[in-house]
Structures are given as C-alpha cells and as structure tokens.
Amino acid sequence: MSGVPKKWAIGIFVVVCLLIALRLALPSILLSYVNRTLEKIEGYDARIADIDVALWRGGYVIRGLEMVKVKSGIKTPFVEIPETELSIEWNALLEGKVVGEVVLQSPKINFVRVRGELASAPEDGGKEWVEQGKKLFPFDINRLTVHDGTITYREPNAKPAIDLRLTRVEAQALDITNKPKKNDPLPTDFKLTSTVFETGKLSLNGRAQIFSSPTDFEAKIRVEQVNLTKINDFTRHYAAFDFSKGDFSLYSEINAKNGQLDGYLKPLFKDVGIVDKRDFGNPFEGFWETIVSTVWQIFTNQPKDQFATVIPISGSIKNPDTALLTTLANVLKNAFIQAFRPGLETSEQVKKVEVSEKEVKAKVQKGKAQQKAEKEKEMAGAEAEKAAESGKK
C-alpha cells in the first residue's frame, strides 16, 4: 500500500512537468501554426512577430501582424496590427455558449492607388481572409472591438502626392455570426467613430449580416466639420484648384439586400472659397479659377452660403445608379428654392426632393426673385443706415 501513494506522486509530477513543458512550448507551436495559416492567403505576404498565451482567459495575443500584397510594388503593408487579443467569453460559456471576443489595438489599414488601381487591397473583397481567420479562431465572435485605429488613402505618384487619413478610429461589432437568425436577418450591430482629415468627425452605425454574399446591411453615416483645405492635394491633382476656406458635411443612409442598394447621399459645402493653382502657360491662365468660382457661386444658396444636393442611390452594388438628373435638380432646389438642412433625411423627405423638371424651373424662377428681393432689401437698409448717419453728422 505504501507504494501506491509514491506511484501517484510520481505520476502527478510527470503530468505537471509535461504541462509546464507544453505551456512553455505552446507559444512557439501557435506562432508556427498561425504563420502557416496566414501563408495560405493568396497574393499576400502575411506573418506575425510573436504570440503570448493566456490560458486563464482561454485565449492568446497576436503581436506584430503585417500583410503586404505581393507583386504590387508597394512595400507599405495593407494591414498592420500591433496587438490582437483573442479570448473566450467566460460569462457566455457559463450559459452553455462558446463565443469569443476579439480586440484590435491600434490597427492600421493602408489603401494605396498606383496607376489608377488600388494596389494594396484584396481583389476578392477579403473572402479568403475570412476563411483563414476562422481557422485561427473557430468560434462565433460575440464582440469585436477596435481601439485607436487608422485608415489611410495614398496616391504617392500623384502631383502633388495625396495622403488622406481617418484617425482615432473606435469601432465595435456585436454578435458576428455566420448562422442566420429566423427573427433577425441582420444580427450584427456595429458602430464606428473617427476623426476625418484632422478636423472632421465621422459617425457610422447600423446592422448587418457579415457572412452573407454579398453582405446585407443597413447603415447611417454622418460626416461633419471637415475643413476643405485639408483635401487640397486631392482637388489640386484631380480638379486643378484649391479651397481657401470652407467646411464639408455628408449625411447618408444606405441599405443593401441581395446585392441591391437603396439610399441617398447628402453632401453640404458651407462658406466655400476657391483658389486656382493651375499654371496653364498660355493667355487663358487664371480663367479656370474664375470659371469654377463663378459656377460654384451660381449654384450656391446665397442666404445660407451653402452648396448642397441629395443624391438618390439604387441598383446593383457593383454598378449603382446615382440618378444624375435628380441630383442636378436637387442642386437647383438647394440654391434657389430651399436650402437643405444638415442631418439625415427621412424616406418621405427623399421622395419630396424628386421633383419634375417643370416644377424645378418654376421654383427656380421664384427662388431667384426672392433672393433678388432680399438683396435689394438689404441694400436699401444699408443705404438708409448710411443716410441716417450722415444726417446725425
């Protein structure tokens, strides 16, 4: 009998040693497995630098993830994530559900356009990434969180070079599952905020079925307080003028179902000033700024100093219809009839802006007359004040 406890002690000691050895070897084993899995993503050189295992959390931390598109000539990684935490949610496990949580710390996505094409982005929309990602974390994700992210858009060969950034990206998606629910076709709730081009604010929220093909979603977007001078490199390259001042806002609601879009975009430009930077090297040098400024002023609502329109969007995701005539009619409506207000539109409001050509012409004439009367009234008031001051003297 005395030998039995001794054998148990030896057995326990051996098991403990094996567990310790396995724990010490586990990071290297996982590092090799993750890198082999990432190598299967076609068209990308993807790798990680290190892995930390946290058994008490039922997860691990991936460090130094980089994905560079091969044969693109771009050395900048498309994706850079210094730290990715993957773990099991113990509260859900106690309820009999095996779901996970993913936290991305300071991720960075770099879109680079070269010779008219996005040289860094995946050509298949990231489907292969999703498949390999499931192998690294084969659980439904109950919560995906992004802290302090950055999204860049660069055109290094443009003149001048273009570098636009969304910074301080904070995002969260709940209930990311590939299992459709009977009572909820869009089970994933998501929200995102960020700073736009140093000054603006972006707010995005909605619902989606992430794993449907194509993805079904409903989204509401607000972009406000963007200083237009921050995009001068872009406008200088593509339109040959700079903004000297002005603010930009964008409001949008977009729904997608079975590959079909329905929604609108509402861009608003306030207090805009335009400066020409094109050197024509001929007698017409400087005319471009005059043309752009004149056209802009004609279609700007003078009392509000606002250029705006509502752009209806419909049709296929791959080839959406932006209703050009309606968009132009809405430019006229904002300029001469009634200025659009900042904020999201209701479906009824969107329908109301789709007016006929005859109605637009009639209202434009009425709007011009009203603006003329307002200007004459202002001038008369100014002259009366001037006369009153002269009389006092």
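Every value quoted in this text rests on a predicted model; they were computed, and no experiment measured them.

Asker: Sorry, what's going on with the overall build of the chain here?
Answerer: Secondary structure assignment for the chain yields 8 helices and 17 strands. Of all intrachain contacts in the chain linking residues separated by at least 6 positions in sequence, the fraction that spans at least 24 positions is 57%. For the chain, the accessible area works out to roughly 24100 Å², and carbon and sulfur atoms hold 57% of it.

Asker: Got a minute to help me understand the packing of aromatic side chains in this structure?
Answerer: Each aromatic ring pair is summarised here by two numbers: the centre-to-centre distance and the angle between the ring planes. According to the stated counting rule, one finds 5 aromatic pairs in the structure shown. Aromatic side chains Phe234 and Tyr238 sit 4.9 Å apart centroid to centroid with 40° between the ring planes, which places their arrangement in the tilted category. Taken as a pair, Phe234 and Tyr238 lie in helix α4 (residues 232-239) at a separation of 4 residues, close to a single helical turn. Given the relative accessible area of 32%, Phe234 is considered partly exposed. For the pair Phe241 and Phe243, a centre-to-centre distance of 5.3 Å together with 80° between the ring planes defines the contact as edge-to-face. Neither Phe241 nor Phe243 differs from the other in exposure class; each is buried. An aromatic cluster is built from Phe248, Phe269 and Phe307, whose rings are joined through pairwise contacts.

Asker: When you look at the side chain of Thr84 in this model, what are you seeing that I'm missing?
Answerer: Tracing the sequence through the fold places Thr84 in strand β4 (residues 79-88). The exposure class of Thr84 is buried, given its relative accessible area of 7%. The residues touching Thr84, leaving out its near neighbours within four places in the chain, are Tyr60, Val61, Ile62, Val102, Val103 and Leu104.

Asker: Can you help me understand unusual backbone geometry in this one?
Answerer: Working note: non-glycine residues mostly have negative phi, and peptide bonds are mostly trans. For the peptide bond that leads from Lys159 to Pro160, omega is -5°, which places it in the cis range. With phi around 80°, Glu198 is a residue other than glycine that occupies positive phi space. Residue placement: Glu198 occurs in the loop between β10 (188-196) and β11 (200-209). For Glu198, a relative accessible area of 63% corresponds to the exposed category. Positioned with a positive phi, Asn258 is a non-glycine residue whose angle comes to about 55°. Mapped onto the elements of the fold, Asn258 is located in the loop between β13 (241-257) and β14 (260-276).

Asker: Please explain the pairing of strand β8 (residues 140-155) as it appears in this structure.
Answerer: Sheet topology note: the strand β6 (residues 108-114)/β8 ladder contains 5 bridges and is parallel. Across the sheet, the residue bridging to Asn110 is Thr152, located in β8. For β8 and strand β9 (residues 162-176), the ladder comprises 11 bridges, and the chain directions are antiparallel. Along β9, the bridge assignment pairs Tyr153 with Leu164. What sits between the antiparallel neighbours β8 and β9 is a turn of 6 residues.

Here is what the cut-offs are and how they apply
Residues numbered from 1 in each chain as written. Predicted model: local features only at pLDDT ≥ 70, side-chain atom pairs only at ≥ 80, totals over all residues. Heavy atoms only, no water. Helix = DSSP H or I, 4+ residues; strand = E, 2+ residues; numbered from the N terminus. Contact = heavy atoms within 4.5 Å. Areas by Shrake-Rupley, 256 points an atom, 1.4 Å probe, with all protein chains shown as cover. Phe/Tyr/Trp six-rings, centres within 6.5 Å; stacked < 30°, edge-to-face > 60°. Buried < 20%, exposed > 50% of the residue type's maximum accessible area, 1.4 Å probe, protein only. Pairing = 2+ DSSP bridges.

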